Amino acid sequence: MSNILEIRNVSKKYKDFELKNINFSLERGYIMGFIGPNGAGKTSIIKLIMNLIKKDSGTIQVFGLDHVKDEIAIKEKIGFVYDENYFYEELTIQEMKNIIKRFYLHWDEEVFQKFAKEFDLPLKKKIKNLSKGMKMKFSLAVALSHHAELLIMDEPTSGLDPLVRRELLEILQSLMLDENKSIFFSTHITSDLDKIADFITLINNGEIVFSKTKDELTEEYCIVKGTKDKLSAHLEEQLIGLKVNELGFEALSMNKNKIKKMFGDSVLIEKPTIEDILVFSIRRGDQFVSSY
Ligand SMILES: Nc1ncnc2c1ncn2[C@@H]1O[C@H](COP(=O)(O)OP(=O)(O)OP(=O)(O)O)[C@@H](O)[C@H]1O
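Thresholds applied
Sequence order as written defines residue numbering, which begins from 1 separately in each chain. A pLDDT threshold of at least 70 governs which residues receive local features in this predicted model, and a stricter bar of 80 or more applies before side-chain atom pairs are shown or counted, although totals over entire chains, interfaces and linings include all residues. Under the scheme used here, helices are H or I runs from DSSP no shorter than 4 residues and strands are E runs no shorter than 2 residues, and both carry numbers assigned from the N terminus. It is the C-beta atoms, placed from the backbone, that decide contacts: two residues are in contact if theirs lie within 7 Å. pLDDT is a per-residue confidence score from the predictor, ranging from 0 to 100. The split into domains, and so the bounds of each, comes from an automatic or database assignment of domains. Residues were grouped as follows: Ala, Val, Leu, Ile, Met, Phe, Trp, Tyr, Cys and Pro as nonpolar; Asp, Glu, Lys and Arg as charged; and all remaining residues, including Gly, as polar. A pair of strands is labelled paired if DSSP reports no fewer than 2 bridges between them. The axes are straight lines fitted to the C-alpha atoms, using for helices just the contacting stretch, and the angles between their N-to-C directions are given from 0 to 180°. Placing the C-beta atom from the backbone, one calls a residue near a molecule or strand if that atom lies within 6 Å of it. Our exposure labels follow a C-beta count within 10 Å of each residue's own C-beta, placed from the backbone: buried means 20 or more other C-beta atoms, exposed means 12 or fewer, and partly exposed covers the counts in between. Handedness is read with the strands pointing away from the viewer; a crossover is right-handed when the path from the first strand over the helix to the second is clockwise. Put simply, a nonpolar core is buried Ala, Val, Leu, Ile, Met, Phe, Trp, Tyr and Cys residues tied into one set by C-beta atoms within 7 Å.

Per an unreviewed UniProt entry, the protein chain is named ABC transporter ATP-binding protein, and its organism is Calidifontibacillus erzurumensis.

Encoded structure:
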C-alpha cells in the first residue's frame, strides 16, 4: 500500500481562520473527493499541497517526497486544475498552451490536441474572452496532457454544464484504468462523488471531520427518522445533526448496526446519500436539543 499523498499534523493560521491539525492520505490508484461547506478550508489545503502558501507546522508528502524540498520533481507529475484563473488573459489558448508545455518534460501534444477537439476548445480565442466553463476545460486539457500521475483539482466541475460535467467524470474514470494514477479533487457537487469517488474526506471549519472510503460511509452511516416520542437521551447519543419538528425527528447516525439492534422497528432507518452525510455532519455543532 503506497500513499501518493500524505498530510500529517498540518496547521495553518490566518487572522480569522485556522486549519487545525489536518491528517489524511490518499493511496495510489484511487479517487478522493474533498468536500465541505464554503470557507471550510478546501482551497487552502490544496494551495498548501501545491506550495502556493506556507504551512505553519506538519508534513506534506507527495509521491513520498517533501512538497517544498522536492517541489519541482513533484509538479512534473501533478496535473493541477485550480478554480482561479492563472493564465495570461491577453494570450490565445494556443499561445498560452505553447508557454505552459515548455514547463513539462513529458508534454504530449497529441493528447492535448485530442482533448482540445473533444472539449471544442477555440484555440485562437483570447483567454479573457472564454466562458468560465471553457477556461475550466482548457485547464483540464493542460492537466491531462503531460502524463501526470496525480490530478489535484479545485472544483473542476463547477461552471460546467451537465453534459460536459458527465463527460469530464467519464474521462476521469477512464484515466483510472491506469492503476498508477490518482485523483484528489474538491467539489460542492456531491452527486459527482456518488459516481466516481473511492474515498471521501470532509472538512468543516478548518478540521477534518472524516476521511473514509465511500463504501465505509454508506455501510456505517444511516438516516434515522421517527416520531418525537421515540427520542431519548440514549438514542440522541447516537445521532448527528438532529432535527426535530412537529412531525418528528430526523438525524444521521454513524452506527447503523447499533441503531438497528437498539431500536429495531421503532425508528425508520434509511440509506444516506453523500449529501445527507455532509449536511448532517456539519450541522453537528449546533445540534438541536429536543424537549421530549
Ligand atoms: N490569504 C488569506 N488570508 C486570510 N484569510 C484567508 C486567506 N485565504 C483564505 N482565507 C480564509 O480561510 C478560510 C477558508 O478558505 P478556503 O478558500 O480555503 O475555503 P474553501 O473550503 O475552499 O471555500 P469555498 O468552498 O467557498 O471555495 C476562509 O474563511 C477564508 O476567508
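Undergrad: Sorry if this is basic, but what is going on with the overall build of the protein chain here?
TA: For the protein chain, the helix and strand inventory stands at 11 helices and 14 strands. Expressed as lengths along the three principal axes of its C-alpha atoms, the size of the protein chain is roughly 65 × 40 × 40 Å. Put simply, of all contacts in the protein chain between residues at least 6 apart along the chain, 70% involve residues at least 24 apart.

Undergrad: Looking at this model, I keep getting lost on the confidence of the model for the protein chain. Mind explaining?
TA: Low-pLDDT stretches of the model should not have their predicted coordinates read in fine detail. Here the protein chain averages 89 in pLDDT, and 96% of its residues register 70 or above. Taken together, the stretch residues 285–292 has pLDDT below 50 and engages in 12 contacts with residues farther than four places along the chain or on a different chain. For this predicted complex, the interface confidence comes out at an ipTM of 0.97, alongside a pTM of 0.89.

Undergrad: Explanation requested: the domain arrangement of the protein chain in the structure shown.
TA: Put simply, an interface is often sized by how much accessible area is lost when its parts join up. Taken domain by domain, the protein chain holds domain 1 (3–213) and domain 2 (221–286). If you average the C-alpha positions of domain 1 and of domain 2, the two centres end up 34 Å apart. Taken together, the contact between domain 1 and domain 2 spans nine residues of the former and six residues of the latter. Taken together, the residues of the side of domain 1 that touches domain 2 sort by class into six nonpolar, two polar and one charged.

Undergrad: Would you take a moment to explain the sheet that holds strand β7 (residues 150–154) for this structure?
TA: Consider a sheet: its strands pair through backbone hydrogen bonds, and that pairing is either parallel or antiparallel. One open sheet holds the six strands; their spatial order is β6-β7-β8-β3-β9-β10, and the pairing between them is mixed. Strands at the two margins of the open sheet, each flanked by one partner only, are β6 (78–81) and β10 (207–213). Between one strand and the next, the sheet's axes are offset by a mean angle of 10°, whatever the strand orientation. Where β6 meets β7, four bridges bridge the pair, whose relative direction is parallel. Pairing of Ile78 across the sheet is with Leu150, part of β7. Taken strand by strand, helix α5 (residues 132–143) contacts β6 and β7, and its axis lies near 175° from that of β6. Helix α11 (residues 274–282) rests against β3 (31–35), β9 (199–204) and β10 of the sheet, and its axis sits at about 25° to β9.

Undergrad: Where do I start with the site of the ligand in this structure?
TA: The environment of the ligand is formed by Tyr14, Lys15, Phe17, Gly36, Asn38, Gly39, Ala40, Gly41, Lys42, Thr43 and Ser44. Split into classes, the residues belonging to the shell around the ligand amount to three nonpolar, six polar and two charged.

Undergrad: I tried to follow the pairing of β7 on my own but got confused; where do I start?
TA: Regular strands have side chains that alternate between both faces of the sheet. β7 sits mainly inside the fold: five of its five residues count as buried. Side chains of β7 alternate between two faces, with Leu150, Ile152 and Asp154 and Leu151 and Met153 buried alike. Tracing the backbone out of β7, into helix α6 (residues 162–175) and back to the parallel element strand β8 (residues 182–186) gives a crossover that is right-handed.

Undergrad: What exactly am I supposed to notice about the sheet that holds strand β2 (residues 18–27) here?
TA: Overall, antiparallel pairing links the four strands, which are arranged β2-β1-β4-β5 in an open sheet. At either margin of the open sheet sits one strand with a lone partner, and together these are β2 and β5 (65–66). Where strand β1 (residues 3–13) and strand β4 (residues 57–62) come together, five bridges link them in antiparallel fashion. Bridging from a neighbouring strand, Ile7 pairs with Ile60 of β4.

Undergrad: Can you help me understand unusual backbone geometry in this one?
TA: Glycine aside, the phi torsion of most residues is negative, and most peptide linkages are trans. Not every positive phi belongs to a glycine, and Phe63 is a case in point at roughly 55°. Tracing the sequence through the fold places Phe63 in the loop between β4 and β5. With a phi close to 50°, Asn205 is a non-glycine residue in the positive phi region. You can see Asn205 is positioned in the loop between β9 and β10.

Undergrad: Sorry if this is basic, but what is going on with the nonpolar core here?
TA: Nonpolar side chains in soluble globular proteins tend to be buried together. Counting residues in hydrophobic clusters, the biggest one holds 68 residues, and the most contacted among them are Val62, Leu150, Ile152 and Phe184. Ranked by residue count, the leading element in this core is α5, at six residues. Of the residues that make up this core, three or more belong to each of domain 1 (3–213) and domain 2 (221–286).

Undergrad: For this particular structure, what's the right way to read the pairing of β10?
TA: Here β9 pairs with β10 via six bridges, running antiparallel. Within the sheet, the bridge partner assigned to Ile200 lies in β10 and is Lys212. Here β9 hands over to β10 after two residues, with Asn205 in that stretch at a positive phi of 50°.

Undergrad: Would you explain the environment of Thr201 in this entry?
TA: Take Thr201: it is sitting in strand β9. Note: C-alpha distance between Thr201 and Glu27 (174 residues apart in sequence) is 13 Å. Ignoring anything within four residues of it in the chain, the contact list for Thr201 reads Phe24, Met32, Phe34, Ile208 and Ser211.

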